[in-house]
Amino acid sequence: MSTLASLHPRRILVCQLRQIGDVILTTPALALLKRRFPDAAVHMVTEKKCAPVLYGNPHIDTLWDLDKSALSPLNRELAWYWKVARQHFDLVIDFQQLPRCRWIVGFSGAPVRLSFAGPWYNRLLYTDIVTLKYTYSAFHKASMLEPLGIQCHDEPPRIYLSEEERLEIRQALAQLGRAPGQPVVTLGVTHKDNARRWPAEYYAQLAANLLEAEPGIVFLPLWGPGEEGTIKALLAAMPPAVRAATLLLQHKPTLRRMAACIAEASLHIGNCSAPRHMAVAVDTPSCIVLGASSDAWTYPSPWHQTVRLGLPCQPCRGDSCQENFRCLRELRPDAVLGTALALLRKRFLSEPAPDMGARLDGSAVQAYTG
């Protein structure tokens, strides 16, 4: 490995194509890079579907969003990689080693190409290989920067929302009947993997228990394209009183709107998926239900808690189960209630207390179309 602590790059490229949560978890490394090299132009390449979580990030000078649907035929794909790579980078940092990342790294010809200890056949592409530290996933990523003289201790992920984006969500919730200062609990009930998706009916029961303990709260389910079925199951399982306290935004779901919803919330409750990382990135407390996932995804703060059944097989980190996902089936809502309620109440011991007596009227889920 070369000596990199004295490096003074003029142009830096960071590669993290996907997934949405992983891209959010790259933002501490971006902040640390810009702090260490304030005069360097930092470029970032990511997939188009993930790019919105990086909009407005002050630590990125140029954002390259890869649209896979537009990279056909092969000559067009290779031309795009060449265009990105040939920006005269002094330093390329590859957090993923995916095939598309490797094309860009190989084309770049950068004198320093930094990555982790991946498969042996990838290593010829990189000038410097780093053994990453096993810790919180964002710190794990940022530990790749240590040869550059960069140390990561507690730099949190960040999503930079505009005041206009925040105001849009506040206005939408107000039109649905949310009173000023009324606590909102976002529910991240969706996940593509069965091993990480707590049953929708359990979320419905947990919401009922929370509403009984704190009658002034309202709930805001979150979903993305193709996840409407899970939301319908959630609403169908809710008792009428809980449906009356549930707000349903009907405008087109986007990553930025989802982040703004979580930023407006007093607490986020959900599965191990992108919204949990959004909660950290916008300073909203979170209570996360864990099945197959490990605690490596949990930001080390008392404001971000996880609940798991505690079976010997956890965390298996898999997506299949011979016991039909017992870790989720047997984790009942009562076991999650205490953690969620403590976070919610702690939030309002630390801030001016809102009007907890405010309630929504009506028994049907209210909808707003923006």
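Residues numbered from 1 in each chain as written. Predicted model: local features only at pLDDT ≥ 70, side-chain atom pairs only at ≥ 80, totals over all residues. Heavy atoms only, no water.

**Q** Explain the sheet that holds strand β2 (residues 41–47) to me, please; I cannot follow it from the model alone.
**A** Strands pair in a sheet through their backbones, by hydrogen bonds, and they do so in one of two ways: parallel or antiparallel. The strand order β3-β2-β1-β4-β5-β6 describes an open sheet built from 6 strands, whose pairing is parallel. Looking at the sheet topology across the chains shown, the edges are occupied by β3 (62–66) and β6 (128–130). Adjacent strand axes in the sheet meet at a mean angle of 20 degrees, parallel and antiparallel pairs treated alike. Of the strands in this sheet, β1 (11–15), β2 and β3 are in contact with helix α3 (residues 74–85), which crosses β3 at around 165 degrees. Packed on one face of the sheet, helix α4 (residues 99–108) meets β1, β2, β3, β4 (91–94) and β5 (112–116) and runs near 165 degrees to β4. (Pairing = 2+ DSSP bridges. Helix = DSSP H or I, 4+ residues; strand = E, 2+ residues; numbered from the N terminus. Axes fitted to C-alpha atoms, helices over the stretch in contact; angles between N-to-C directions. Contact = heavy atoms within 4.5 Å.)

**Q** Even after reading the chapter, I still don't get helix α11 (residues 274–281), so can you show me in this structure?
**A** The periodicity of an α-helix, 3.6 residues per turn, causes residues three or four places apart in sequence to face the same way. Where burial is concerned, most of α11 is hidden: 8 out of the 8 residues are buried. Residues of α11 that are buried make contact with α1 (20–24), α10 (255–264), β10 (267–270), β11 (286–289) and β12 (304–307). (Buried < 20%, exposed > 50% of the residue type's maximum accessible area, 1.4 Å probe, protein only.)

**Q** Which parts of the structure should I look at to understand the packing of aromatic side chains?
**A** One pass over the full model with this rule turns up 11 aromatic pairs. Considering the side-chain rings of Tyr 81 and Trp 103, the 6.5 Å spacing of their centres and the 15 degrees angle between planes classify their relative orientation as stacked. Placement of Tyr 81 in helix α3 and of Trp 103 in helix α4 is noted, with a sequence separation of 22 residues between them. On the numbers, 5.5 Å between centres and 45 degrees between planes, the contact of Trp 103 with Phe 107 is tilted. On the criterion of helical spacing, the pair formed by Trp 103 and Phe 107 is a turn pair, its members being 4 residues apart in helix α4. Classification of Trp 103 as partly exposed rests on a relative accessible area of 40%. The exposure class of Phe 107 is partly exposed, given its relative accessible area of 22%. (Phe/Tyr/Trp six-rings, centres within 6.5 Å; stacked < 30°, edge-to-face > 60°.)

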